[in-house]
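Chains, contacts and geometry: an overview
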Amino acid sequence: MFFKKRFESMASAKIFKRPKSLTDVPTHYCAGCGHGIVHRIIAEVVDELDIRERIIAVAPVGCAVLAYDYWNFDTTESAHGRCLAVATAIKRIMPDNIVFTYQGDGDLAAIGTAETIHAANRGENLTVVFVNNGVYAMTGGQMAPTTLIGQKTATTQNGRNAACDGNPLKVLEMLAVLDGVTYLERVSVESPQSVIKAKRAIKKAFDNQLAGRGFSMIEVLSMCPTYTGRSVEASLRWIKERMSKDYPLGVYKDRI
Ligand code: SF4
């Protein structure tokens with residue numbers, strides 16, 4: 001009888017629910033897009049660290065421009081590429097708040113390259129979540145700085161060619177040499193195991209800011225089925241079998 005009752009109460013218990021830090025609204029992201037997964041990871045971490053009343057997100061221009069619709073905490077917007085300049089100002093004016101930027105590869109690694117490098121080099125006490133899906137998605141699937149060699153996009157219809165289009169920009173490898181940087185890790189969200197690892201890394205990046213340890217960036221290899229022209233399943237395989245070969249997962253710097 002005891003076990004029957006216990007089983008019934010476990011079966012009716014809600015073990016998967018929406019974090020307080022996520023709003024209850026329909027998503028605008030395409031089926032299979034990685035952004036929703038990364039939004040949820042961040043929301044779970046914010047709940048677990050109990051920082052919902054202290055956190056301020058700076059959202060980018062790109063598909064995640066509407067992130068403020070999904071996070072149930074303060075979120076502001078910056079001009080394209082300027083998230084880290086805005087975040088620097090907010091954090092310096094309100095050092096007790098926890099400030100992070102959420103940026104795609106076009107925002108962080110193209111128009112915002114200067115802001116990224118200088119905020120990292122200054123060692124700003126900030127957290128950056130960098131979503132790399134290898135393409136400019138919001139504007140129609142053009143080549144991004146992180147597009148792989150041979151990858152077809154709207155502006156590289158025969159595949160990216162290094163001689164003509166330059167090489168993919170490896171942001172974490174580039175930032176690792178800067179003295180101001182505390183923690184850099186590249187993760188992905190193509191499987192349940194990788195989502196668990198991604199959450200651990202993002203939590204550590206927020207922990208670093210709470211402890212005043214300086215600049216942390218987590219790069220997340222993410223899926224854009226719509227503009228990489230793949231099914232959802234093929235997009236997951238693409239991350240695992242191709243993208244993470246060119247952008248190896250792992251810790252690039254950890255000064256803790
Ligand atoms: S276009 Fe790509 S990145 Fe943008 S919402 Fe759709 S799947 Fe996501």
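Below, the structure is looked at part by part. (Residues numbered from 1 in each chain as written. Predicted model: local features only at pLDDT ≥ 70, side-chain atom pairs only at ≥ 80, totals over all residues. Heavy atoms only, no water.)

1. Overview of the site of the ligand
The immediate surroundings of the ligand are formed by Tyr 29, Cys 30, Cys 33, His 35, Cys 63, Asn 133, Ala 137, Cys 224, Pro 225, Thr 226 and Tyr 227. Per-element tally for the shell around the ligand: the top contributor is helix H9 (residues 225-228), with three residues. A class-by-class count of the residues in the shell around the ligand yields eight nonpolar, three polar and no charged. (Near = heavy atom within 4 Å. Helix = DSSP H or I, 4+ residues; strand = E, 2+ residues; numbered from the N terminus. Nonpolar A, V, L, I, M, F, W, Y, C, P; charged D, E, K, R; others polar.)

2. Here we look at the environment of Leu 66
Inspection of the secondary structure puts Leu 66 in the loop between strand E1 (55-59) and strand E2 (74-77). Along the sequence, Leu 66 and Val 99 sit 33 residues apart, while their C-alpha atoms lie 18 Å from each other.

3. Structural notes on the pattern of salt bridges
Here the idea is simple: oppositely charged side chains can pair when their charged atoms come close. Under the defined criterion, the tally for this structure stands at twelve salt bridges. Lys 204 is paired through a salt bridge with Asp 254; the nearest N and O atoms lie 2.5 Å apart. Taken together, the residues span a long stretch of sequence, with Lys 204 in helix H8 (residues 192-210) and Asp 254 in strand E9 (residues 250-254) at a distance of 50 residues. Salt bridges sharing partners connect three or more residues here, namely Arg 40, Glu 44, Glu 48, Lys 199 and Lys 203. (Salt bridge = Lys/Arg side-chain N within 4 Å of Asp/Glu carboxyl O.)

4. Some thoughts on the packing of helix H2 (residues 35-49) against H8
Where H2 meets H8, the axes come as close as 10 Å, and the angle between the chain directions of the two elements is 50°. Considering the angle they form, H2 stands oblique to H8. Remark: the crossing between H2 and H8 carries right-handed chirality. Residues Ile 37, Ile 41, Ile 42, Glu 44, Val 45, Glu 48 and Leu 49 of H2 pack against Val 195, Ala 198, Lys 199, Ile 202, Lys 203, Phe 206, Asp 207 and Leu 210 of H8. Across the contact of H2 with H8, the residue classes tally to ten nonpolar, no polar and five charged. (Axes fitted to C-alpha atoms, helices over the stretch in contact; angles between N-to-C directions. Parallel < 35°, antiparallel > 145°, perpendicular 65-115°, else oblique. Left-handed = near helix turned anticlockwise from the far one by under 90°. Contact = heavy atoms within 4.5 Å.)

5. So, the sheet that holds strand E4 (residues 127-132)
To summarise the sheet geometry, strands pair through backbone hydrogen bonds and adopt either a parallel or an antiparallel arrangement. Spatially, the seven strands line up as an open sheet ordered E2-E1-E3-E4-E8-E7-E9, and their pairing is mixed. Each edge of the open sheet is held by one strand with a lone partner, namely E2 and E9. On average, each strand axis in the sheet is tilted by 15° relative to the strand beside it, whichever way the strands run. (Pairing = 2+ DSSP bridges.)

6. Some details on the nonpolar core
Membership of the largest hydrophobic core comes to 41 residues, with the highest contact counts inside it found for Ile 42, Trp 71, Phe 100, Tyr 102 and Val 129. Broken down by secondary-structure element, the contributors of at least two residues to this core are H2, E1, strand E3 (98-104), E4, strand E7 (181-188), H8, strand E8 (215-221) and helix H10 (232-246). If sequence neighbours within four positions are ignored, Trp 71 has contacts with Ser 21, Leu 22, Thr 23, His 39, Ile 42, Ala 57, Phe 100 and Tyr 102. If you look at the next biggest cluster of nonpolar residues, it comprises 22 residues, including Cys 83, Ile 90, Leu 108 and Ala 109. (Core = buried A, V, L, I, M, F, W, Y, C linked by side-chain atoms within 4.5 Å. Buried < 20%, exposed > 50% of the residue type's maximum accessible area, 1.4 Å probe, protein only.)

7. Some remarks on H8
A turn of α-helix holds 3.6 residues, and therefore any two residues three or four places apart point the same way. Between its first and last C-alpha atoms H8 spans 27 Å; for 19 residues at 1.5 Å apiece the expected length is 27 Å, and the two agree. Those residues of H8 lying buried are Ser 194, Ala 198, Lys 199, Ala 201, Ile 202, Ala 205, Phe 206, Asn 208 and Gln 209. A positive phi of about 70° marks Gly 212, the residue just after H8. (Expected span 1.5 Å × (residues − 1).)

8. As for the packing of aromatic side chains
With the rule as written, the count across this model stands at six aromatic pairs. Taken together, a centroid distance of 5.6 Å and an interplanar angle of 40° make the contact between Tyr 29 and Tyr 70 tilted. Of this pair, Tyr 29 sits in the loop between helix H1 (2-12) and H2 while Tyr 70 sits in the loop between E1 and E2, placing them 41 residues apart in sequence. Note on Trp 71 and Phe 100: the rings are 5.5 Å apart at their centroids and 70° apart in plane angle, and the pair reads as edge-to-face. Of this pair, Trp 71 sits in the loop between E1 and E2 while Phe 100 sits in strand E3; the two residues are 29 residues apart in sequence, bridging distant segments of the chain. Grouping residues by exposure puts Trp 71 and Phe 100 together as buried. Three or more aromatic residues joined by ring pairs form one cluster here, namely Trp 71, Phe 73, Phe 100, Tyr 102 and Phe 206. A cation over an aromatic ring shows up here: Lys 204 above the ring of Tyr 183, its NZ or CZ 4.8 Å from the ring centre. Over the aromatic face of Trp 238 sits the side chain of Arg 230, whose NZ or CZ is 3.7 Å from the ring centroid. (Phe/Tyr/Trp six-rings, centres within 6.5 Å; stacked < 30°, edge-to-face > 60°. Lys NZ or Arg CZ within 6 Å of the ring centre and 35° of its normal.)

9. A few points about the packing of helix H3 (residues 83-93) against helix H5 (residues 113-122)
The geometry of H3 relative to H5 is characterised by a closest axis approach of 9 Å and an angle of 35° between their N-to-C directions. Touching Leu 84, Ala 85, Thr 88 and Arg 92 of H3 are Glu 115, Thr 116, Ala 119 and Arg 122, all from H5. Of the residues assigned to the contact of H3 with H5, the class counts are three nonpolar, two polar and three charged.

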